[in-house]
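# Structure assessment
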Amino acid sequence: MELTLSPKETEVRPNTIPDLKVDATFRKLPKQAVSFALWKIDEDHLEAVARPQYGTFYDNCAYIIYASNLVGHYASHETITREQKPNVPLERYIHYWLGSNVTEQNRSNVVHKIQELDSYLGNVSSIYREAQNHESARFLSYFKNGYDVLSGALINSTQKTRLFQLYGRKWLRAVELSNIDWTHFNSDYIMVLLMDAVKFVWIGRSSAAIERRSALAWVQRQRKDGQLCIVDDGYEQSMSAEQKELWNTVLPLQQRMVCQARQQGSDYECSNKADANGNKFRIYKCNQRGRLHLDQLDVGMPTKDDLSDAHGVYLLDNFGQSIWLWVGAQATQADALTAMGNGRAFVKKKKYPNSTLVVRVLEGREPVEFKRLFGNWLTIWQDNTRGHKPVSTKLGKLDAVLLGERPKMAADTQLVDDGRGERILYRIFGDQLEELPAAKAVVFTTNASYVVKYTVQCATVVPADLASVGIKSIIYQWNGSEASAETIAKADSFAMTSFETLKEPGMFVQLYEFDETPHFLQLFEGKLIIMRGQRSELLHSNNNMNWDFKTNIMLETFLLKIYGDASYNAKAVEEHPLSSISSKDCYAIKTNHVWVWCGQSSTGDAREMAKAVGALLGESSLVLEGKESKEFWQSVAMYFNQTLVINGQSCASSTTSSSSSGAGSMCNGSSNGVGGNISPTLSNNCYLNTTVPIKPRPPVQLFLVWWEKTHLRCEEILGFEQQDLTADCTYILDTGTLAYIWLGAQARIQERERYTSIAQSYVQNAPFGRRSATALAIVRQHAEPNVFKGFFETWDNERGKNFLTYEQMRQELGTVAPSNGIKEGSALLLNNNQKDFDGHKKYPLAVLVQEMDMLPPEINPLRREVHLTHDDFVSVFKMSFYEFDELPKWKKQELKKLYKLF
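Report on the accompanying structure. (Residues numbered from 1 in each chain as written. Predicted model: local features only at pLDDT ≥ 70, side-chain atom pairs only at ≥ 80, totals over all residues. Heavy atoms only, no water.)

### With respect to empty space enclosed by the protein
Empty space among the atoms can be located by rolling a probe the size of a water molecule over them. Note the following rule: Here a cavity denotes a set of grid points, spaced 1 Å apart and computed over the protein atoms alone, in which a 1.4 Å probe fits but from which it cannot get out, and a pocket denotes an open set meeting protein on both sides within 12 Å along at least five of seven lines; residues with an atom within 4 Å of a point are reported as lining. Grid points are joined across faces, edges and corners, and a volume is the space filled by probe spheres set on the points. Numbering goes from the N terminus for both helices and strands, where a helix is a DSSP run of H or I of at least four residues and a strand is a run of E of at least two. For this classification, Asp, Glu, Lys and Arg are treated as charged, while Ala, Val, Leu, Ile, Met, Phe, Trp, Tyr, Cys and Pro are nonpolar and the rest, including Gly, are polar.
Counted under the stated rule, the structure contains 5 cavities of 30 Å³ or more. The calculated volume of the second largest cavity comes to roughly 50 Å³. In terms of lining residues, the second largest cavity is bounded by Gln414, Val416, Tyr476, Met507, Val509, Thr517, His519, Leu738, Tyr740 and Val787. Counting only elements with at least two residues in the lining of the second largest cavity, the list comes to strand E25 (506-512) and strand E38 (738-743). In the lining of the second largest cavity, the residues fall into 7 nonpolar, 3 polar and no charged.

What follows is the structure, given as structure tokens:
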């Protein structure tokens, strides 16, 4: 597909480069330093914003932010300028922010100013175009307490009473409104009316607890004087007579009209959300032919290799959520300068919202958010967010004490302990659940699910180290690739019940075949055998209490491929068809004898793991590729009854003559079998790790997540710290190999109980390509395992124990904030019917008394009364809903007919 953009559509003409003179204000900025700076553009005037004003913007102005930090670290408004040596690499970001009422002049001026700043810094920065209320996760990460937007229209106003709209979970946005009117009210928001005598805080019924807490903290940071009055949505009549009188002077209660929750899919909801199409964006190559032409690349799952032309510019359309311009290292300066304008032209051509995020990135300096869009960006290994190195293939001796003392090491290796704690194993097949004997060999079949109750090995009695380990039990649930829905449902139920009934701190981990975590494999010391479902009957027939793997499997013929080269990454998986084997790998082949066949390119460590699996099957012989004995070929030929293919070349096995192996060398034709004591052909120091597919580990991401009706919404937190985890919320820490769901102690019951659906919804809609079978772990606040804590720079086990909920904060403010009629322990709160009443959308009386076909679709015509606010209900029925609900049915019907609500 080809798209042509007219130069008129771009903010800067693509064929011109302005003569760049650098503003004197920018020249004060040190070029080679970690720093954070903010400038405001008002008409043609550029001024540096003073540090105390960071985080306060005017809606009629444009702003420029410059942030630079060491690779893998994050800057914020608190960053102190620190000069760095010339050879220290820095990540540099320029953002320009446009207020919702910014003038065309300011919009144009800021584009030229960012080009000056970019030029002054050597054209090495990523540039972000930000619009009010639609900012990128990186921009928001600079302001930990959120930001304020003041109304430019009120700068010179003498009006003392001000109205603010507050919303946002992780980042509270406090937006000043130019006029005071009920039209700004919405049940999702918290509204703050600041008057000389009273600060009114109006709490929308659909606002979240975290928003309410942040709003109370925000109000306390404002003017210290004046009484505080908290008003609940629908309970305005509960204010005192004096407060009501004051309120009515600017917002007459008889004009009350509160909008309901936001329409699905509004801009705010979509910001930073994990989108189902996030891994299927479109890539265009930008070509200059008089006008700008965009040629769409025909790619399925985009990879880094699609950005193949270092002289070119590519445009990535992330389905209208964000537009990325990637500029190759060899591209001209003109191309780099005009990229942003071309991105804006694309937004207009596609009729995307004007607020769409546009970002220009440079080859070799791409920010982590860009790299993450590609499933195969291998350099992510080096650039891991917190400087975490990838899991090493050689760890040396695993030590439970060391892993307990060092959460960072535990997080890097994903090992809670050395796997030697007590384990109880259950097999679920259909509706049958059985405990398996503690046999030496552990064999799973792909048509079953397994639950392992594991007791963590705390090889210490030091209280600090015990606290560092964090948990005492793990419930693992493993689902085979052929397990039925019935089997998985039964396993889900059993595993979750086991987790819920744990007496001590624990973690629940749900795994699928192919996605086993290092610690899970460590439990079996790398000797886990996974066999096809057909083996199920043979392995689990007769009474299994005296079950012996070697006896049951003795008459069978099969081939196991050995994955991994260490106890924490190795397992043996039955391969089918049996004819195909590779020189890079090791296999255990069971015929009338047990053969451990090792390819020429396999490592010494992988061979050791293969020999350990071979020993579980019986007396085994080691066979090296190219040195196979006559007996080996005879044995293999007799049972395989087909040609064995090594590296794609057939190896004609014959019972009468020796044959050449796929590597081209002659087979050993001597009659004596090859024993298990042959020394490996590769040096033991050569750890190629060819047996485990190298998965690039994406940088660790933290998301704040919540349910909005049936949709899971999330906001990403860049540069996260432990203090970003708050007790009344739920978070997902995605490490690339395992997604941790962190449940706050005060999180909504719906989130604490529906944790598996949160996990599944996240994985299905993850922001980059993921398999739906990604491993998931559930951790609870104050019971975090070391493998979780280690992803945070510092971890304090005591943090969060003195957390104040919104209700507690409100109570503490009780002397100045009356509770407006809803007293703790009152019938209103104790009665479930009242909770049900408050859970319904509220409409004015005039809407509810309309004819049936005029009612909004979600209103049940027989239950119109539940859609009244509390105040309207009391004024109509002269009683509370609680009292009304206790009446006999006939009386309720009579009253409803009387007031035309039936």
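### Some thoughts on the sheet that holds strand E13 (residues 198-203)
To keep things clear, this is the line we draw: Strand pairing is assigned whenever DSSP detects at least two bridges linking the two strands. All axes are obtained by fitting lines to C-alpha atoms, using only the stretch in contact for helices, and the reported angles, taken between N-to-C directions, cover 0 to 180 degrees. Should any heavy atoms of two residues lie within 4.5 Å, those residues are counted as being in contact.
Ordered in space as E4-E9-E11-E10-E12-E13-E14, the 7 strands form an open sheet in which the pairing is mixed. In the strand order of this sheet, the two ends are held by strand E4 (56-58) and strand E14 (227-232), each with one partner. Here the average twist between neighbouring strands, direction ignored, is 20°. Two strands pair when backbone bridges link them, and strand E10 (residues 162-167) and strand E11 (residues 173-177) are joined in this way by 5 bridges, in the antiparallel orientation. For tyrosine 167, the partnering residue across the bridge sits in E11 and is arginine 173. Along the sheet face, helix H4 (residues 209-221) touches strand E9 (147-150), E10, E11, strand E12 (190-194), E13 and E14 and points at about 15° away from the line of E12.

### Observations regarding unusual backbone geometry
Located in the positive-phi region is asparagine 133, a residue other than glycine, with phi close to 75°. With respect to the secondary-structure elements, asparagine 133 resides in the loop between strand E8 (126-131) and helix H3 (137-141). Not every positive phi belongs to a glycine, and histidine 782 is a case in point at roughly 70°. With respect to the helices and strands, histidine 782 occurs in the loop between strand E39 (775-780) and helix H20 (786-789).

### Quick look at helix H19 (residues 755-764)
Which entries qualify depends on this criterion: For every residue, the accessible area (1.4 Å probe, protein chains only) is compared with the maximum for its type, and the residue is labelled buried under 20%, exposed over 50%, or partly exposed between those bounds.
Burial analysis of H19 places 7 of its 10 residues in the buried class, the great majority of the element. The set of residues buried in H19 consists of Tyr755, Thr756, Ile758, Ala759, Ser761, Tyr762 and Val763.

### Some points on the environment of tyrosine 63
Using the following cut-off: Polar contact is the term for a pair of N or O atoms within 3.5 Å; when the atoms are in protein, one must be able to donate a hydrogen and the other to accept it, and sequence-neighboring residues count only if both atoms are side-chain atoms.
Its place among the elements puts tyrosine 63 in strand E5 (residues 62-70). Judged by relative accessible area, tyrosine 63 falls into the buried class, the value being 2%. Residues tyrosine 63 and leucine 46 lie 17 residues apart in sequence; the distance between their C-alpha atoms is 9.0 Å. In this structure, tyrosine 63 is in contact with Leu38, Trp39, Lys40, Val49, Thr56, Phe57, Tyr58, His95, Tyr96, Trp97 and Val110, ignoring residues within four places of it in sequence. Of the polar contacts made by the side chain of tyrosine 63, one reaches the backbone nitrogen of tyrosine 58; its length is 2.9 Å.

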